Each structure stands twice: as C-alpha cells, then as structure tokens.
Amino acid sequence: MQEGAEDIKEIIKEDVWGTIKDFLDLGVHLGEGEKSIDLTIGLLLLLTVALVATKFILRWLRHLLTRKMEQEDKQKFSSVFKFTNYVIYLIAVVFTLSAAGVDITLVITASAALFVGLGLALQELFKDILGGIFIIIDKSLQVGDVVEVDGKVGKVFEIKLRTTRAITRDDKVLILPNHKFISDIVYNYTQNHKTTREKVSVGVAYGSDVQLVTKILEEIALTQKQVLKNPKPFVLFEDFGDSALIFSIFFFTNDTFRDPRIKSEMRYKIDAKFRENKISIPFPQRDIHIIQPK
C-alpha cells in the first residue's frame, strides 16, 4: 500500500509537475551562459500576477486613505494613484526584464542621452504634476474657490494632476497649468471663507451735502440683495479730488464671482438716487488762462 502511494507521488512529481514546468519554461531563449536572455511563459505569468496583485493592493490602499474624505478630494487623489500605477507598472516591467537576463544597467546607460532630452522637454509637465500633488496635499486650492491668475478671475470646477480648470465670469473655461499655483502669485478670494469685502466709488460735486451722500450710499447698499447686512456696509469720505469729492461704499458679499454685476446694479441705483436728490456727479474740468502777449 505504501509502495503504491510512493509510486503515485513519483508520477505526480515527474509527469504532472514536470509537464507544468516544461510548459512554463517555453518561450524565447537567446544566447548562452551569463549573457543568455530567457523570456518564458512562466516569467510572463509571474509579471501578470504581480501587476494584478499590485492593482488590487493599490486599490485597497486608495480606499483606506480616502474613505473619510469628501467626494471632491477622492477625485483629486484618483489622479495621484493613476500616476503611481504607471510608476509601479514600469518598475514591474524593469524587474521582469532583469529576471529574463536583460542587463538593465546597459539599457539605462545607453538611453541616458534620451532620458536627458526627455527630461528637458518634459520639465514643464513634471512641474505641473508636482504642483498638482502639492495642491492636493496642502489643500491650497479647492473646487469652488474663486481665483485670480494673470488678471483673469475664475471659479475652480475641476482639479486634475496636471491642470486646473476654472469658469470665468463670461462663461469661458480657463485651463491653468498647476505649476502656476506654486511659482506665481495667485489671489484666492475664497481661501479663508466665502465672504469678501468690495467697494463702489463715486465722485460728487464740490458743495454737495456730504451727509446726504453718505445716507444715500448706505441705504442703497442695505437694500441690495447680494449685500450682507452683517458685517454692516459703511461709507468712507476718501479724498478731495481735482474735480469732485470722492466717496466709497464698502460692503460684504458671499457671491464674489458675481461681484461685477452687483456693483453695476448699485451704480444704476446711485445714479438714479443722485438725480432724484439733485446731487451731481461732475466730470473733470480745467480752467485755461490765456496770456496775451504785450
């Protein structure tokens, strides 16, 4: 009975496992000795298993790291993990080539000039990717923020690994390379909170009732729908201009993106109220003295 069991083990070892091993050893065999290159079915299967396992491990890590994040932050991290996937897949391919007998150091050395050229050509791309990673890590920019870059104002609606997209006030899409947010000066109107202070300035003729001007400006600000009642709007008598007394009404709003429209509506109301109360808005005037030659 024991001899029969030993025979079965020997058959399995020699025939079954031997057949499987022979199958896994099938492939391309180039060269002999230490310089031989063996690209076999077993090696390709090992590479496939490693890539699949890596994919599941990375997916599990992403779930572990982002399970308590908001949906917008999860979408940002997906770009980082995609980039990580590419790097890990590249490493897996390099290890496979090394296991097949390919001298990776020779390949890298031979490709050094190519890598230098690619590095110079893609340096802006790498800067953008690093900028995207920094934005995601330190949360210096979030979806919904109103930013000003190079004199253009936009509301951010999408943050990717390489670029950030914002919608401008005239409904045009502004595509910003992410390196701008780490190398250039960027105004973020809503980084700390959604409320910002704005102002509308107006000049009135010398001799106007300054108390009445102040009262009208305050009433207009308080009746404007998009202007917050708290903090309360206030008026400053800013300067004695060349042709007018300069006043500014300061107000607070949580709709910074629509700020130009709010100011426009307030200017319409200021013009109407000033006309109603006989307050004139002067235009620049100059006195010219002509000296006659004697």
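Calculation notes
Residues numbered from 1 in each chain as written. Predicted model: local features only at pLDDT ≥ 70, side-chain atom pairs only at ≥ 80, totals over all residues. Heavy atoms only, no water. Salt bridge = Lys/Arg side-chain N within 4 Å of Asp/Glu carboxyl O. Buried < 20%, exposed > 50% of the residue type's maximum accessible area, 1.4 Å probe, protein only. pLDDT = per-residue confidence, 0-100. Helix = DSSP H or I, 4+ residues; strand = E, 2+ residues; numbered from the N terminus. Expected span 1.5 Å × (residues − 1). Arc of directions from axis to C-beta. Contact = heavy atoms within 4.5 Å. Patch = residues over 30% accessible without salt bridge, like charges linked within 9 Å, V, L, I, M, F, W, Y side chains within 5 Å. Areas by Shrake-Rupley, 256 points an atom, 1.4 Å probe, with all protein chains shown as cover. Core = buried A, V, L, I, M, F, W, Y, C linked by side-chain atoms within 4.5 Å.

**Remarks on the pattern of salt bridges**
Within the structure shown, the criterion is met by ten salt bridges. For the salt bridge of Lys172 with Asp170, the shortest nitrogen-to-oxygen distance reads 3.9 Å. Two residues, Asp184 and Lys180, come together in a salt bridge whose shortest N-O distance is 3.1 Å. Residue classification places Asp184 among the partly exposed positions, given a relative accessible area of 33%. Classification of Lys180 as buried rests on a relative accessible area of 18%. The network of salt bridges with shared partners includes Asp150, Lys180 and Asp184.

**With respect to the confidence of the model for the protein chain**
Parts of the prediction with low pLDDT should not have their coordinates interpreted in detail. Considering every residue of the protein chain, the mean pLDDT works out to 78; 71% of them sit at 70 or more. By mean pLDDT, the top-scoring element of the protein chain is strand β10 (residues 245-253) (95), and the lowest-scoring one is helix α1 (residues 2-24) (57).

**Concerning helix α9 (residues 259-276)**
With 18 residues, α9 extends 26 Å from end C-alpha to end C-alpha; this agrees with the ideal 26 Å at 1.5 Å per step. Of the residues making up α9, those classed as buried are Asp259, Ile262, Lys263, Met266, Ile270 and Phe274. Taken down its axis, α9 places every buried residue within 95° of arc, on the same side. Facing away from the buried side of α9 by over 90 degrees, the exposed positions are Arg261, Tyr268, Arg275 and Glu276. Among the structural elements, β8 (196-204), α8 (210-223) and β10 are those in contact with the buried residues of α9.

**Considerations on a nonpolar patch on the surface**
Taken together, the side chains of Ile57, Trp60, Leu61, Leu64 and Leu65 present a nonpolar region at the surface, about 490 Å² in accessible area. Structurally, Ile57 is set in helix α2 (residues 41-66). Residue classification places Ile57 among the partly exposed residues on the basis of a relative accessible area of 49%.

**Section: the side chain of Asp259**
Within the fold, Asp259 resides in helix α9. In contact with Asp259, other than residues within four places in its own chain, are Arg169, Glu198 and Phe251.

**Thoughts on the nonpolar core**
Ranked by size, the top nonpolar core spans 19 residues in total, and within it Leu217, Phe247, Met266 and Phe274 carry the most contacts. Ranked by residue count, the leading element in this core is α8, at five residues. Met266 has contacts with Val200, Ile220, Ala221, Gln224, Val227, Ile249 and Phe251, leaving out every residue within four places of it along the chain. Residues Val149, Val156, Ala166 and Leu174 belong to the second largest nonpolar core, which totals ten residues.

**So, the side chain of Lys263**
Looking at the element boundaries, Lys263 is found in helix α9. Discounting chain neighbours no more than four positions away, the residues touching Lys263 are Glu198, Lys199, Val200 and Phe251.

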